[in-house]
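So you can see what is in the structure, the chains are spelled out below.
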Amino acid sequence: MASAEVNPPQQASPLFWSHLALWIRSIPRSALLSMIGPSLLLICGYFGWRYYGARHYDAAFYGVKKENVTITAAPDWLRSSIVDEVFSKTGLSHLSLLDAQSPAIIARAFDAHPAVLKTHRVQPFAGGEISISIEYRSPVAMLYCEPEREGEKPEFLPLDAEGVLLPVKGNFTETDVPRYIWIYVEGMKRPNQNEGTRIGDTRVEEATRLCKLLAPYRNHALIERVYVVPARSPGKSRWNLEIETNGGKGPRIIWGNAPGFEGMREPSASEKLRRLIDAVSDRSQWSKAQINLMN
């Protein structure tokens, strides 16, 4: 009958480990500490520099500093400092110029500002100086928004040619509103879109296309308001645009579809603009109550 040992003999420790243990025990404790202490300091110093010191060294000597940033001169309408605003809302101050991705990160940070159309170039220089080339958005119209409650004042929102809502605080006041063409859409309330995003209403965005076209001739033609009204003739839009001149004392200009949305037999935007400029110089036409540019 087979049997098995209940307590088999333990295997002897390998000879190498026995000698190693004896050798370590033979080392004086003071000598052992003199070896371990510096080793621990070296290890701690390496990891401290790797994960803490180097980062702060880069930030101190190669970090992106707000005072070293130079950008393209801002347009007259932009009165707030976009450099201050970008740095306050992003982590650019923790970015190192030694990072090869830093120019792209800086460009994206400025692109996100609602007043910026495009950041074209970010150029770091010796000494930590950074030059940034920016293309700004330009306001072409003020959108009239009906008051939410009775007794409140209407609100005017600045828009660029793409229908993007521009930053209001620190840049626009009530005295700036008359400097731009007003856009009227029946029943328009203040939209919920954030600054730097499209207004979200196709009628308004098409009206801003016309305002961009008319802006250089606004004073010459006494253009004050653009109305979005139901379409009088077929086109790509279900609405047409009409222009009010000289506070309602001048002729009402029937423009028609927005530039780029003309119907098949409708004149082009450039042709309509030419007719409008000609009408301003022609007293017999300008004295009429209405000028239809769609015919």
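Everything numeric in this text was worked out from a predicted model, so none of it was measured.

A. Highlighting the packing of aromatic side chains. Tallied over the full model, the rule gives seven aromatic pairs. An angle of 70 degrees between the planes, with centres 5.5 Å apart, marks the rings of Tyr 144 and Phe 156 as edge-to-face. Remark: Phe 156 occurs in strand E5 (residues 155-160) and Tyr 144 occurs in strand E4 (residues 139-145); sequence separation between them is 12 residues. Pairing Tyr 184 with Tyr 227 gives two aromatic rings, centres 5.1 Å apart and planes at 20 degrees, and the pair type is stacked. You can see Tyr 184 sitting in strand E6 (residues 181-185) and its partner Tyr 227 sitting in strand E7 (residues 223-230), a full 43 residues away along the chain. Taking the ring centre of Tyr 227 as reference, the NZ or CZ of Arg 252 above it sits at 4.4 Å.

B. Highlighting the nonpolar core. Counting 35 residues, the largest nonpolar core has Leu 143, Leu 214, Val 226, Leu 241, Ile 243 and Trp 255 as its most contacted members. Residue assignment for this core shows that the elements contributing at least two residues are E4, E5, E6, helix H5 (202-214), E7, strand E8 (239-245), strand E9 (252-256) and helix H7 (269-281). Counting residues in each nonpolar core, the second largest holds 32 residues, with Val 69, Val 122, Ile 130 and Tyr 227 among its members.

C. Just helix H3 (residues 82-89), in detail. Buried within H3 we find Ile 82, Val 83, Val 86 and Phe 87. All buried residues of H3 fall inside an arc of 130 degrees around its axis, so they share one side. For H3, the exposed residues set more than 90 degrees away from the buried face come down to Ser 88 and Lys 89. Looking at the buried positions of H3, the neighbouring elements they touch are strand E1 (69-71), helix H4 (102-111), strand E2 (116-124) and strand E3 (130-136).

D. Structural view of the environment of Glu 262. Following the sequence through the fold, Glu 262 ends up in the loop between E9 and H7. A polar contact is formed between the side chain of Glu 262 and the backbone nitrogen of Gly 260, at a distance of 3.1 Å. In terms of polar contacts, Glu 262 uses its side chain to reach the backbone amide nitrogen of Ala 269, at 3.4 Å.

Conventions adopted
Residues numbered from 1 in each chain as written. Predicted model: local features only at pLDDT ≥ 70, side-chain atom pairs only at ≥ 80, totals over all residues. Heavy atoms only, no water. Phe/Tyr/Trp six-rings, centres within 6.5 Å; stacked < 30°, edge-to-face > 60°. Helix = DSSP H or I, 4+ residues; strand = E, 2+ residues; numbered from the N terminus. Lys NZ or Arg CZ within 6 Å of the ring centre and 35° of its normal. Core = buried A, V, L, I, M, F, W, Y, C linked by side-chain atoms within 4.5 Å. Buried < 20%, exposed > 50% of the residue type's maximum accessible area, 1.4 Å probe, protein only. Arc of directions from axis to C-beta. Contact = heavy atoms within 4.5 Å. Polar contact = N/O pair within 3.5 Å; in protein donor to acceptor, adjacent residues only side chain to side chain.

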